[in-house]
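These are the residues of each chain, in order.
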Amino acid sequence: MQTGHRVRQILAVALLIGAGWLMVGLIGDLNRVKVLKTDLAEIHHVRYGLLDADVWVARIGEILEKRVDELDLTEDSRAQVTQAVTQLLDTLIREIERNLAQRRPDPGGSWLNQLQGVLQQGLQDLLLDVARLRDRVPEYADAFVEQLSVPGVKEQIKARLQVLLRDAVASSGAGTDRRPLEAVLVGYGCADVDACSRLIVTEIGELQPRIQQQLGAVIGLTALVFMVSLIGGAPRGKASDGTTDRLAPALLFALVGATFLLLVGGLATPMIEVDARITALTFQLLGEPVVFADQVLYFQTKSIVDVMRILFESGQADMLLVAVLLTLFSVVFPALKLLATYAFYFDWSGSRGSATVGFFALKSGKWSMADVMVVAIFMAYIGFDALVANQLGGLRGASDAVTVLTTNGTSLEPGFYLFLGFVLAGLVLSTALENRLDRDR
């Protein structure tokens, strides 16, 4: 019988060591994937694409250059272009005439104003004969169209269009700060966004299968630790010699260690990922298709530790209060409960008589709120998923002239399942402790 107990203890500790080794690798891989996904979302963010004025200048410029290159003045097209230029010049002359008329002084004003008006009108009539300009519009239109056939004019037109577009962007103050994007490209040693995207996606694809295997193995090994430690002992707490079958220190160490591993994994790895993006947006501009692909609208993936760090770094009183409460109820209380469980179970130095040890061992579960956090995270996932799906659905039906394909990538991450495992393991550990108390009484 002693041999069987010894085998159980060795097996439980060996399983715990294996789970711990895998957990270290799992935490490292999950946080690496978090960094990769965050960088991937950054380089594909909508502010560097659909909301970037420079990108619009490039897209519109390409279309205008194509249209200028396609401008071939045949007999039919020459007549159409001449007619369009004639209408444009005529409209321009009428606008000039209207503006000049608005600047004439009020005839009911003083004699000095009237004299100024007569002189101004005479000077305008001398320098600008509007009627004569209107009569020569066809001549001007023919001369303009004739210039389009001169070599080099098309290149000058394209260059001027580009200058006009960039001047319009500069005057509007719509420039985009691209330093975060450039920092990511430099960090990965990439020349452009497409090359960097392929590099990051490849690395994520290589890590994901290993993460799934490690996650399954960690959960499986911790479950085996509990099975080996709690199942297969003497019935009704009696050993073969009739004495009470105390849980061996090595077995309790394995139980507490497995629970602690799940807690660390749940705190240090992402729990929920919110990802809303436009997969493709397509519309027609001057008869040419304009496509914006993989435009990230919003992306966040955080662990509890990340959230606490952000709250502490905010420096705001209300955020600091939330950070302290989150740390207290979700980190400090669970950790102290595990330590108190070990001390209470074996009654080290009469620790069962200590109100503090008794509180953390038996009652702190009501204050840790770990189970409440699991429910809150799950409800947040459902809420985010529905909200993102609803908003993206409205975007898809915004216009018949624009085709929009969207992606809702909201998902629960491995950290949630590890933290859920910690909650369940804590319940089992508390039950084992209560059974021990009942036996002793």
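Every value quoted in this text rests on a predicted model; they were computed, and no experiment measured them.

Trainee: How would you summarise a nonpolar patch on the surface if you had to cite specific residues and measurements?
Mentor: A cluster of nonpolar side chains, Leu 224, Met 227, Leu 230, Ile 231 and Val 428, forms an exposed patch at the surface whose accessible area comes to about 420 Å². No other element matches the three residues that helix α9 (residues 193–230) contributes to the nonpolar patch. With respect to the helices and strands, the residue Met 227 is situated in helix α9. Under the relative-accessibility criterion, Met 227 is labelled partly exposed at 45%.

Trainee: Break down the nonpolar core for me, citing the residues and quoting the values.
Mentor: Residues Leu 26, Cys 196, Ile 200 and Phe 419 are the most contacted members of the largest nonpolar core, which totals 65 residues. At the level of secondary structure, the elements contributing two or more residues to this core comprise α1 (2–43), α8 (179–188), α9, α10 (249–268), α11 (304–314), α12 (317–346), α13 (355–363) and α16 (414–440). If you tally residues by element for this core, the top one is α1, at 13 residues. Listed in part, the nine residues of the second largest apolar core include Ile 63, Leu 281, Phe 283 and Phe 292.

Trainee: Describe the UniProt feature "transmembrane region" (unreviewed entry) in the protein, listing the residues and the values that go with them.
Mentor: As recorded in UniProt, the feature "transmembrane region" (unreviewed entry) lies at residues 6–27, 215–235, 247–268, 319–346, 367–384 and 415–433. Taken end to end, residues 6–27 is 100% helix and 0% strand, and its two terminal C-alpha atoms sit 31 Å from one another. Across residues 319–346, the secondary structure splits into 100% helix and 0% strand, with the terminal C-alpha atoms separated by 40 Å.

Trainee: I'd love a proper account of unusual backbone geometry, names of residues and values included.
Mentor: Positive phi, normally seen in glycine, also occurs at Asp 294, with a value near 55°. Tracing the backbone through its elements, the reader meets Asp 294 in strand β2 (residues 288–302).

Trainee: Describe the packing of α8 against α9, naming the residues involved and giving the relevant values.
Mentor: One can describe the packing of α8 onto α9 by two numbers: an axis separation of 10 Å at closest approach and a directional angle of 60°. Relative to α9, the element α8 lies oblique. Two packed elements cross with a definite hand, and for α8 against α9 that hand is left-handed. Here Leu 181, Val 184, Leu 185 and Tyr 188 of α8 lie close against α9, whose contacting residues are Val 193, Cys 196, Leu 199 and Ile 200.

Trainee: So what's going on with the environment of Leu 36? Residues and values would help.
Mentor: Examined against the element boundaries, Leu 36 turns out to sit in helix α1. Each C-alpha atom, one on Leu 36 and one on Ile 200, is 6.2 Å from the other, the two residues being 164 residues apart in sequence. Those residues within four positions of Leu 36 in sequence are excluded, and the remaining contacts are Tyr 188, Ile 200, Glu 203, Ile 204 and Leu 207.

The rules behind the values
- Residues numbered from 1 in each chain as written.
- Predicted model: local features only at pLDDT ≥ 70, side-chain atom pairs only at ≥ 80, totals over all residues.
- Heavy atoms only, no water.
- Patch = residues over 30% accessible without salt bridge, like charges linked within 9 Å, V, L, I, M, F, W, Y side chains within 5 Å.
- Areas by Shrake-Rupley, 256 points an atom, 1.4 Å probe, with all protein chains shown as cover.
- Salt bridge = Lys/Arg side-chain N within 4 Å of Asp/Glu carboxyl O.
- Helix = DSSP H or I, 4+ residues; strand = E, 2+ residues; numbered from the N terminus.
- Buried < 20%, exposed > 50% of the residue type's maximum accessible area, 1.4 Å probe, protein only.
- Core = buried A, V, L, I, M, F, W, Y, C linked by side-chain atoms within 4.5 Å.
- UniProt positions renumbered as here; feature names shortened; annotations may be inferred.
- Axes fitted to C-alpha atoms, helices over the stretch in contact; angles between N-to-C directions.
- Parallel < 35°, antiparallel > 145°, perpendicular 65-115°, else oblique.
- Left-handed = near helix turned anticlockwise from the far one by under 90°.
- Contact = heavy atoms within 4.5 Å.

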